[in-house]
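Spelled out, the chains give:
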Amino acid sequence: MKSHVRVAVIGGGVVGCSVLYHLTKLGWTDVMLIERSELTSGSTWHAAGGFHTLNADTNMAALQGYTIRLYKELEEITGLSCGLHHVGGVTLAGTPERMDFLKAERAKHRYMGLDTEIIGPDEIKKLSPITNTDGILGALYDPLDGHLDPSGTTHAYAKAAKMAGAEIILRNPVLETNQQPDGSWEVVTEQGTVIAEHVVNAGGLWARELGAMAGVYLPLHPMEHQYLITESTPEVYELGRELPHVMDPEGESYLRQEGKGICIGFYEQQCDPWAERGTPMDFGHELLNNNLDRIGDSLAFAFDRFPVLARAGIKTVINGPFTFAPDGNPLVGPVPGLKNYWSACAVMAGFSQGGGVGLTLAEWMIEGEPSRDVFAMDVSRFGDWITPGYTRAKVKENYQRRFSVSYPNEELPVARPHQTTPAYGIWKEQRAVFGAAFGMEAVNYFALEGDPLEETPSFRRSNAFEAVGQECRAVREAVGINEVHNFGKYLVKGEGARAWLDRIMAGRIPKPGRLALNPMLSPKGKLLGDFTVSCLSETEFMVTASFGMQAIHMRWFERHLPEDGSVTVENISTRRIGFQIAGPRARDLLARVAFEDVSAEVFKFLDIKEMDIGTCHALVQRVSYTGDLGYEIYVPTEEQIALYYILEEAGRDLGLRPFGMRAMMSLRLEKGFGSWNREFRPDYMPMETGMDRFMAYNKPVDFIGKEAAIAEKESGPSRRLCTFVVDDKGADVWGDEPIWHDGQVVGFVTSGGYAHFAQKSVALGFLPIELVEDGQAVQIEILGDMCDATLINEPLFDPQADRMRG
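Summary of the structure given here.

Conventions adopted
- Residues numbered from 1 in each chain as written.
- Predicted model: local features only at pLDDT ≥ 70, side-chain atom pairs only at ≥ 80, totals over all residues.
- Heavy atoms only, no water.
- Helix = DSSP H or I, 4+ residues; strand = E, 2+ residues; numbered from the N terminus.
- Contact = heavy atoms within 4.5 Å.
- Buried < 20%, exposed > 50% of the residue type's maximum accessible area, 1.4 Å probe, protein only.
- 1 Å grid on protein atoms, 1.4 Å probe; cavity = no way out; pocket = protein on both sides within 12 Å on 5 of 7 lines; lining within 4 Å.
- Points joined across faces, edges and corners; volume = space filled by probe spheres on them.
- Nonpolar A, V, L, I, M, F, W, Y, C, P; charged D, E, K, R; others polar.
- Axes fitted to C-alpha atoms, helices over the stretch in contact; angles between N-to-C directions.
- Parallel < 35°, antiparallel > 145°, perpendicular 65-115°, else oblique.
- Left-handed = near helix turned anticlockwise from the far one by under 90°.
- Phe/Tyr/Trp six-rings, centres within 6.5 Å; stacked < 30°, edge-to-face > 60°.
- Lys NZ or Arg CZ within 6 Å of the ring centre and 35° of its normal.

Now for the environment of Ile-792. Secondary-structure assignment places Ile-792 in strand β37 (residues 785-792). In the structure, Ile-792 is positioned 18 residues away from Asp-774 in sequence and 5.3 Å away in space, judged by C-alpha atoms. If we ignore the near neighbours within four places in the chain, the residues touching Ile-792 are Thr-723, Val-725 and Asp-774.

What follows is the structure, given as C-alpha cells:
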C-alpha cells in the first residue's frame, strides 16, 4: 500500500469504483480505493440491478442516460461482462394524474435527446403479455431501461480503473480520517496509514460513520427493501424473448424477468428504517430477515396486475438495506466546512446513477466544477439545520413516495414545521398555506374563507388560483406585505471587503448607501448566483441571494476568502429578517412609519438606508422582486413581530394585504424577471440569460469567470432567454416543456405560470438566437397539448419601469 496518494476513495461498492474509474479517465491516476471487506460488500451485492432514465430533474435524467450508455464502454475496455439486458421499460398509468405526469416527462425527453414514447394498453400488452391492463390508461416506454449483473458491473469499473493505474486495497477497514494542516488527509487503516490530498466518502451503508470520523453529519439513512424471485414460469420462458421492465406505480412495484422466472420488488407503505443507531461495522454480505407481512397489500395488488404471480412459486426473498437522502437523490460534492473532503453517497439507484455520480465528482475535483448543474444531488443542498431525526422521517416519506406522482406545486408534510420565523403564528391566524425551503416555512398563499388550508397537488391550476389572484391584485392596486426571511443573507466585513467582492462578483460593487445586482460566476463563466450587494459602508456589505443556496454559497465564499484575514463572511440569513411592502401605496405606508424623508427624490431606486421604523431600527432597501414600487425592510429577528404590527396598523386604510410566494412568482412573470434554479443556474452563461446587463466586463479586476464571460460576449450566445405569452388550454407551464417551431423542438421552458394581474399565461424559456424576434410564433407542449405562444420583448406590466423606479 502506498504511503501517499492524490485521492483515497473509501468504499468498494459500485459508486466508489465508478469514482475511481472516472478519476483515471479524466487524468488522475495516482488514486487508491480502500475497501473494508470485498468489492460489492454493502448494498451493491444484493441490488436488483435495474437501471432507468426517468427522473424529475432533467440533469439527473441526463446523467442516468450517461450511466446506462457507459456500460458498453466498460465492457469494451475491460473484456468483462456487465450482464446487460436492454429490455426496455414500461411505466404504467392508471389515473389521469399519472398520465399527466408521464406526458410531462415525455415532453422533457424531447429536448434531452431521450427516445421515449407514450403507448396505449394494446401496445403495453404486446410488450408485456403477463400484464393485466384493466384500468390502465397508458404508459411511458423507454427503450434504454434494463438490468445488469451488479457484481460484474462493479468489477468492470474496478478493472478499468486498475488498468489506468489505480490501486485497490481490500479487507482493510478505515479506522480514522484526520485533516492535516496543509489540507491533506491522514487515512488510518488496519494495514497502515496513507496521506491523501483528497478523500472521497463512498462508504454507502457506512457513510454516516465514515463522515463522523471527519466530524461531519451526512443526512442519509438506510431502509430495508424487499424483492422476490420466482421459480421458472412457463408464461415467461415460453415467450421467446425477454420481458421488459414494468413499473406499476399504483401497485408500488417494479417487475422484470430473472432467468426463466420473475423478479418483483416493492416500495411498500409499511416500510422500516434500518440501523437507526448506526450501521454495524461487522455487517457485510448478510441479508435481513424476510418480512413478507410488510408487503402483503402490495403482493395482493401485484397478483391482480400480473396474474402469473399467483401461479409462480417463490424461489428467493431478498431483504437488504440501502441508503436514501431525505429527497431520494445522492449526496455528491465537496463537503462544506472541510477542505478536500468529498461525498459520493446515498446513491440509492446505484446502477442508474453511479456512472453519472462518478463523472460529476471527477469533473468537480479535477476541473473545479461539474459540466452541468448538479444542485439536485449537491451534498450542500442541505444545511446545518438538518438533524438525524429529520433525515430519518423524510427518508421514510421518500421511500413511501418512490412511485408517487411528483406534482410541481406539492408540499410534503412530514417533519414540518421544522424551522419557523416569529411571524409564523401571525400568518397561521390569517389562514396561511405554507411551503418549506431549506428547512424553513414560508407562506405560499392565504386561503380564502371556506377554502381548505392546503393546496391541491396538480399539474393544472389548483384551488389556490383565485386566492393568489386576489393577492396579486392587492399588490398592483394598493400595497402588499410579504415576509423576506427567504433570502440568504451574508454580512461581509473587513478592510478587504470591497476588493474581495469585486473579485467574487462579476458586476460593479456599489458605493455606500447604494445596492447593485450582481452575477457570481464559476471559472468557466457559468452562473453560481444572482446577488444583491448592498454597501453599508466601505468596510461592511450585506449580500443577499436564494435562501436554499446558503450552504453552497458559503462553501464558495470560504473557498475564496483571503488568507490574511482581511475579510470575514457571516451567514445572517435567519438573524436579519423582516418584510417587503410593494405596490402603488408602498411609499405612503413607509412614510407613515419612518422617522425620515422617504420621498422619491430622497430615497431613490436601489438606495439602502438605516432608519427607525416605529420602535425598530431597520435596514431599508428600495427594491422589490414584484417589479413594482417596493421596499425591503430588515430588522433583527427578535424585532420582527413589532415591525409587523407597526406596518399592519399603519397600512389598514391603504388596503394593506399579505401575499405569499405563489403571488410573488406570478408578479415577477409580468416583468420577465428570472428566478434562481429556473432561469439562472450553473448550466447557463450571463449573456444568454440577460444577466449581462448587470456585468462589469470592463472593470479592471480579474473577477472569477471574466475570461469565459468576455469570450461569450465576443462570440455571442447561441440561444437567448425569452418571455412568451401562451394561448393555454387550461394548464400553464411549470418548467422543462419543449418549445416547437416548424415542427421541430428548438428550445425549452425554464419556468412560467399565470400572470394574474395581466391575465395572461406566461412562459420563460430558451430559443436559438436566430429565432429571437418580437412576435415570434412558437408552440409549447403542455401535458401533451400543443399550445400557441408568442414571444414578447416588453414586460406585460410597467414596461418602462415608471412605477418601479419613479
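Quick look at the environment of Met-505 now. Within the secondary structure layout, Met-505 lies in the loop between α13 (497-504) and β23 (515-521). Its relative accessible area of 0% is what places Met-505 among the buried residues. On a C-alpha basis, the gap between Met-505 and Ile-704 in space is 7.4 Å, while along the polypeptide they are 199 residues apart. With near-sequence residues (within four places) excluded, Met-505 lies in contact with Asn-518, Pro-519, Met-520, Phe-531, Val-533, Val-543, Phe-557, Lys-699 and Phe-703.

Next up on the list: the layout of surface pockets. Considering only enclosed or pocket space, the second largest pocket measures out at about 930 Å³ in volume. Considering the residues around the second largest pocket, the lining is formed by 36 residues, among which Pro-334, Trp-364, Arg-555, Trp-556 and Arg-559 are closest to the centre. Among the secondary structure elements, those contributing two or more residues to the lining of the second largest pocket are β11 (192-201), β18 (341-345), α9 (350-367) and α14 (550-560). Top element by residues in the lining of the second largest pocket is α14. It accounts for six residues. Considering only residue class, the lining of the second largest pocket consists of 19 nonpolar, six polar and 11 charged.

What follows concerns the environment of Ala-696. You can see Ala-696 is positioned in the loop between α18 (686-689) and α19 (706-715). Taking relative accessible area as the criterion, Ala-696 reaches 15% and is therefore assigned buried. Note: C-alpha distance between Ala-696 and His-22 (674 residues apart in sequence) is 37 Å. When residues no more than four places from it in sequence are discounted, the contact partners of Ala-696 are Ala-506, Gly-507, Arg-508 and Phe-703.

On to the packing of helix α1 (residues 14-25) against α9. Helix-helix packing is described using two parameters, namely the angle between the two axes and the distance between the axes. At a closest axis distance of 8 Å, the pairing of α1 and α9 adopts a crossing angle of 40°. The angle between the axes of α1 and α9 places the two elements in the oblique class. The interaxial crossing formed by α1 with α9 has right-handed handedness. In this structure, α1 uses Val-14, Val-15, Ser-18, Val-19, His-22 and Leu-23 to contact α9, whose residues at the interface are Gly-350, Phe-351, Gly-354, Gly-355, Val-357, Gly-358, Leu-359, Leu-361, Ala-362, Met-365 and Ile-366. Class assignment for the residues of the contact of α1 with α9 results in 11 nonpolar, six polar and no charged.

Any two aromatic rings considered together are summarised by their centre-to-centre distance and by the angle between their planes. With the rule as written, the count across this model stands at 32 aromatic pairs. For the ring pair Trp-500 and Phe-557, a centre distance of 5.7 Å and an interplane angle of 70° mean the geometry is edge-to-face. Taken as a pair, Trp-500 in helix α13 and Phe-557 in helix α14 lie far apart in primary sequence, 57 residues in all. Owing to a relative accessible area of 2%, Phe-557 belongs among the buried residues under this scheme. Seen in terms of ring centroids, Phe-748 and Phe-766 are 5.5 Å apart; in terms of plane orientation they differ by 45°. Their pairing is tilted. In this pair, Phe-748 sits in strand β34 (residues 744-755) while Phe-766 sits in strand β35 (residues 760-768), placing the two residues 18 residues apart along the sequence. For Phe-748, a relative accessible area of 13% corresponds to the buried category. Cation over ring: Arg-36 sits above Trp-206, and NZ or CZ is 4.2 Å from the ring centre. In this structure, Lys-260 packs its charged tip against the face of Tyr-237, placed 5.5 Å from the ring centre.

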